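Read off the chains here:
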Amino acid sequence: MSVEDRAVTETLDEELAELTHGAAAVTQVPMWRIRWRLFRRSFARNWSLFAENKMGIVGLVIIGIFALMAIAHPILMATVWERSIYDPVSGYDAVESIVTIVEEVTDPATQLSLADARIQMNPFVEVGDEITTVLQPAPPSFSGEHAHWLGTDPQGRDVLSQLLYATRAAFLLGAIAAITTVVIATTVGSVAAYYGGVTDSIFMRFADLILLMPLLPVLFVMGPLFGLTMLNLGLIIGVLNGFGGVAIVLKSQALAVKVKPYIDAAKVAGGGNWHVIFRHIVPNVLPLSFLYMMFGVTEAIAIESTLSFFGLLNVRMTWGLMINTAQTQGFLLSGVDYWWLLFPAGLAVSILAFAFFIVGRGMDEVINPRLRARG
Amino acid sequence: MTKFLIRRFLQMFVLFVVFLTIVFFLLHAMPGDISNQLIGNPNIPPEQREILRQTLGLDKPLFQQYGIYILNFFQGEFGKSFTRYPSDVSTVIGAALPRTLVLFLAATVVAFWLGFKSGKLIAWGRGGKTEQAYIVGGVFLQTVFYPWFALVALWFFGSQLGWFPLGRFIDSDLWRGTIFNANNVFNLLILSVFVAILVFGLARLVIGRLTPDPLIQNRYRRIVAVVVLAGLVAFWWFSPMRIYAWDIVHHTILPVLVLASVAFGSTMLLTRSAMLETLGEDYIMTARAKGIPERAIRDRHAARNAMLPVTTSLVLALAFVIGGGIVTENIFSWPGMGSLLLEAVTREDVPLAIGTLSIVGVLALFGHLIADILYTILDPRIRIS
Amino acid sequence: MTVSLENLEARQVDPTKPLLEVDHLIMRYQVKRGEVSAVEDVTFTIHQGEAVGLVGESGCGKTSIALSLLRLLPSNARFVSGEIRLNGEDLIPLDPEEMRQRRWKDIAMVFQGAMNSWNPVYRVGEQIRETLNTHYKGVLSYEDQDALMERLFAGVGLPAEMLDRYPHEFSGGMRQRAVIAMALACSPQLIIADEPTTALDVIVQDQILKELKRIQEELGMSILYISHDIAVIAEVTDSLGVMYAGKLVEYGPTDEVFARPLHPYAYLLLKSTPSITGPRRQLAPLEGEPPNLQNPPSGCRFHPRCPFATEQCVTEEPPLAEVRPGRRVACWNYEDVPELEEALVR
């Protein structure tokens, strides 16, 4: 225990003593206030531990930025963005630009090859001519009547709008998957640990089975066969994680809680099984389950994006689908030439997953003291 | 030990049957009759539809259908592929399976080996900017959007630098007009590597019999390893199939490396934390007190023990590798199980999809079993108890 | 159990010659805010063939001393001043590689918790052989190593077959015996035994201690016992040092210190420990907690807990002075302790 830890604990104890001093005080101070203060104290301590790890803070900041992006989309749609042009799915903008005809294209944003131009537009053009054309995907434009900060996709839709819209979808999916995971896993873990015996083995064998199942291939098949939507997918991932690996981890945590003296005290005081599980075991298992919630979000985002990337999901617009569009229109190996098709969406998936993951790691160091940096 | 493994094997078998059952019921939860999906498929004559109905037992009650399905599976009878009619599903899978196995195995070995090495080193040289950079890099690899990462890698190394071919299994221009068949050359490649490993394993056994002194054993082992490796290279160097074999290997390198890099990140991070844990153990202090050189403490004591939790997590890495493998195959047009699965799914070739999915399930189970065996070998507390 | 050590060479012992001299050693740990003074100006000598004990509460710096002797300290530790002389040669300025070669060959160590001293994945024999390979590379043949290990095991009363077993197949007491066998492998001049019997049950504890004592005497080695348990140490040592908060507060022949401690802390420590073999006595609790070594108390470090403290104790630090032949104590009022004792008991 470091010096500052001890300091915090001491003030905590003092406060508790002050709060619970004498029976009169107990009747004067409502229970929820004691709980609330305790919660605030332990939160402050955990926060200072978490804040020591700079990576975790960076992760939180990134998540915050993405959250702002998600909120920005409906606001922009309601104010400055015309629906017919900026809708992430049905919008279209014919961006006119001037291109030069050349033999060999070196910069596809401002040049057009002679062969293509003669076939597509005008059979009489020559090298060096400058012609006006509707270019899709169009490179980023910051001026004009309709600015497209991240250009347009091969179907003339605004990439920025798609990106922001997909952010909201990602958060939604992550939230569904994570909450489902936490609810199921804490319940299953606590119940399995508390009852033990047959209940325990049934749940654990089931968890083994889920761990053994090749998740992505199964979803590959289920996605198109059932026409999975965002909501379905989030639930499936949440349920599988909740009954699977996370349940195993939380069960071992719950086992450690189960042998604590206060559990016996609660039983002796006449607490029923469910009372003990939900009032005493679950609250002590929850911190760890929040940690797995973070990792769960990472996983859900990655799976969703991968499935959308192959066009196997029934979704409106997601980051994976944005890359899928680029792929199906033949811009896959265009690399940096059409960077706005591949990089914003790809980086968005990677960075958000990264952020949730490092926040999870930061929380891990708070919860598992042995991981904290030593020396 | 054998008892433990037998129990584990039986457990896996039961789990596999459960897995098959889930696949079966998934199929039946799907809207509509499978054979109706064939109506619009011009490839398939009406008779075949009737045959399919019968082999799948679609006219019988559900539990009978289930029985037929399980029985068919264990007889290797998956029916005929819709899209590649009249090929049997088992034939199609038979051609794809070795390629996938090589991809998975090679990627797992590379990822584990490099990940373990670097994790060991960064944990040993604790602190500083290098460690931070490695951690960020490891987390990045673990969380990067894999299909996108593979695409960028393909674009960069294939298209920009031109070091590797742009996907596919072979360069068809090169193979035009040769007497060699790509599958045979590939299988011969696998066989030769397998024989080399076998020879090395046998030699190890013999050496163990010859002398009990670990110092001498190590020297002999090194010699045998060099000889076997030289033999393997010489065999292919003087073979008439040299350029063709090289073509296949050349096509394999990039997908293997890209697939390995994902599992590499997680293995490295895990090795690092496992190392930090073992470095705090009392026996490390004892080894220091004994005057064991630092390098030997790192490798023989800390890393050897850190390997145990890393091996356990090999199971988790396996999920990465299987999922990532499917993505890799599709992006690199690598004609393996993953490509088959996506093709079957997008073109609604139900028998092929079921067959592929089941075999991938078998692969996953075998992977787990191998990880279990490895663990028992590595940990004497389980081996001898 | 009678076992023989006749095959292991005994060393000629001259009890007047010093083997290890710890001379005004100051060692500190660097921490986030400042320094922790773990070993503060400690001086004592271990003669050839002598068994010395260091006793004190946990955190008093006794293990830090043990680790200092082998220079096995964590990276944030720093020697501020002083010397650790082995046969007259200072170990502190040795470069790390030279020091590594000295370890186990000159000074071996038996750690607390034999359970974890063994690497679980290697056979016990392999781990002893590793030590031999490190220090006698090319000197001993494989067969010689086998023969030596068998003799070592016989010497601590373990059958030779056990060499091929893994640590988890040993019981706690057997593991500790095997650790002792390993400690003897390179016939060191000094063995440090850090809480050698803490995790064992009382009967095994007694066996192991007797074993160590016998081996030490037969082979003419010196031994440094480190323990929090003054009763255990008293039975096997010739000299006894009492440590408090990084300082040596009392040092002298074990019998005398045990019979008549001079420092109040030693006195209270003895009073607070029940003795199984000794006479029945009134137990007195030692109140308070050890001080924070990042910011040690002024004057005598024990004064906040000392029932005999005076003005002088708060302001001035008592030196470790030889007050009677062979007895050293760091206390201003050591002469008053017997009188005050009466007051305390009442």
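Check the entry above for the structure.
What this report covers is the structure whose coordinates are included nearby. (Residues numbered from 1 in each chain as written. Chains lettered and ligands numbered in written order. Predicted model: local features only at pLDDT ≥ 70, side-chain atom pairs only at ≥ 80, totals over all residues.)

**Remarks on the overall build of chain A**
Here's step 1: Tallying secondary structure elements over chain A gives 15 helices and three strands in all.
Here's step 2: Here chain A, with 375 residues, has 41% of them falling under the buried criterion. (Helix = DSSP H or I, 4+ residues; strand = E, 2+ residues; numbered from the N terminus. Buried ≥ 20, exposed ≤ 12 C-beta atoms within 10 Å, placed from the backbone.)

**A few points about helix H3 (residues 62–74) of chain B**
Here's step 1: Compared with the 18 Å implied by 1.5 Å per residue over 13 residues, the 19 Å span of H3(B) between its first and last C-alpha is a close match.
Here's step 2: Phi turns positive one or two residues past the end of H3(B), at Gly76(B), with a value near 70 degrees. (Expected span 1.5 Å × (residues − 1).)

**A few points about the pairing of strand E3 (residues 51–55) of chain C**
Here's step 1: With respect to burial, E3(C) is a largely interior element, five of its five residues being buried.
Here's step 2: Of the two faces of E3(C), both are covered, the one formed by Ala51(C), Gly53(C) and Val55(C) as well as the one formed by Val52(C) and Leu54(C).

**Section: the sheet that holds strand E2 (residues 34–47) of chain C**
Residues and elements named next belong to chain C.
Here's step 1: If you trace the four strands from one edge of the open sheet to the other, you get E2-E1-E4-E5, paired in antiparallel fashion. The open sheet has two free edges, formed respectively by E2 and strand E5 (89–90), since each of these has just one partner strand.
Here's step 2: The pairing of strand E1 (residues 18–31) with strand E4 (residues 77–86) spans eight bridges and is classified as antiparallel. Each residue of the ladder has a partner; that of Tyr29, found in E4, is Ala77. (Pairing = 2+ DSSP bridges.)

**Some words on the interface of chain A and chain B**
Here's step 1: On the chain B side, the residues contacting the 35 residues of chain A number 37 residues.
Here's step 2: Listed by contribution, the elements that provide at least two residues to the side of chain A that touches chain B are helix H8 (197–212), helix H9 (215–226), helix H13 (273–309) and helix H15 (339–367) of chain A. (Contact = placed C-beta atoms within 7 Å.)

**Concerning the nonpolar core**
Here's step 1: In terms of nonpolar packing, the biggest core is built from 271 residues, with Leu341(B), Met109(C), Ala181(C), Ile192(C) and Val249(C) touching the most fellow members.
Here's step 2: Examining the composition of this core, we find that 20 residues originate from one element, helix H7 (residues 159–195) of chain A, more than from any other.
Here's step 3: Contact partners of Val249(C), with chain neighbours within four places excluded, come to Val242(C), Met243(C), Tyr244(C), His263(C), Tyr265(C), Ala266(C), Phe302(C), Val329(C) and Ala330(C). (Core = buried A, V, L, I, M, F, W, Y, C linked by C-beta atoms within 7 Å.)

**A few points about the sheet that holds strand E12 (residues 327–329) of chain C**
Residues and elements named next belong to chain C.
Here's step 1: What the eight strands build is an open sheet, ordered E6-E7-E8-E3-E9-E10-E12-E11; its pairing is mixed. Of all strands in the sheet, those with a lone pairing partner are strand E6 (107–110) and strand E11 (321–324), marking the two edges. On average, adjacent strands in this sheet sit at an angle of 25 degrees to one another, irrespective of strand direction.
Here's step 2: Where E3 and strand E8 (residues 222–227) come together, five bridges link them in parallel fashion. Looking across to E8, one finds that Leu54 is bridged to Ile226.
Here's step 3: Contacting E6 and strand E7 (190–194), helix H5 (residues 172–184) crosses the sheet at an angle of about 175 degrees to E6. (Axes fitted to C-alpha atoms, helices over the stretch in contact; angles between N-to-C directions.)

**Quick notes on unusual backbone geometry**
Glycine aside, negative phi is the norm for most residues, and most peptide bonds take the trans geometry.
Residues and elements named next belong to chain C.
Here's step 1: You will see that Trp104, though not glycine, has its phi angle at about 70 degrees, which is positive.
Here's step 2: Within the fold, Trp104 resides in the loop between helix H2 (96–102) and E6.
Here's step 3: Among the residues examined, Trp104 registers 26 C-beta atoms within 10 Å and is labelled buried.
Here's step 4: Its identity as a non-glycine residue notwithstanding, Ser187 has a phi of 35 degrees, on the positive side.
Here's step 5: Note on placement: Ser187 falls in the loop between H5 and E7.
Here's step 6: Of the residues examined, Ser187 has 18 C-beta atoms within 10 Å and is grouped as partly exposed.

**What to know about the interface of chain B and chain C**
Here's step 1: Each side of the interface is counted separately: chain B has 20 residues, and chain C has 24 residues.
Here's step 2: Looking at the side of chain B that touches chain C, the elements with two or more residues in it are helix H11 (282–289), helix H12 (294–331) and helix H15 (380–383) of chain B.
Here's step 3: With six residues, H11(B) is the largest single contributor of residues to the side of chain B that touches chain C.

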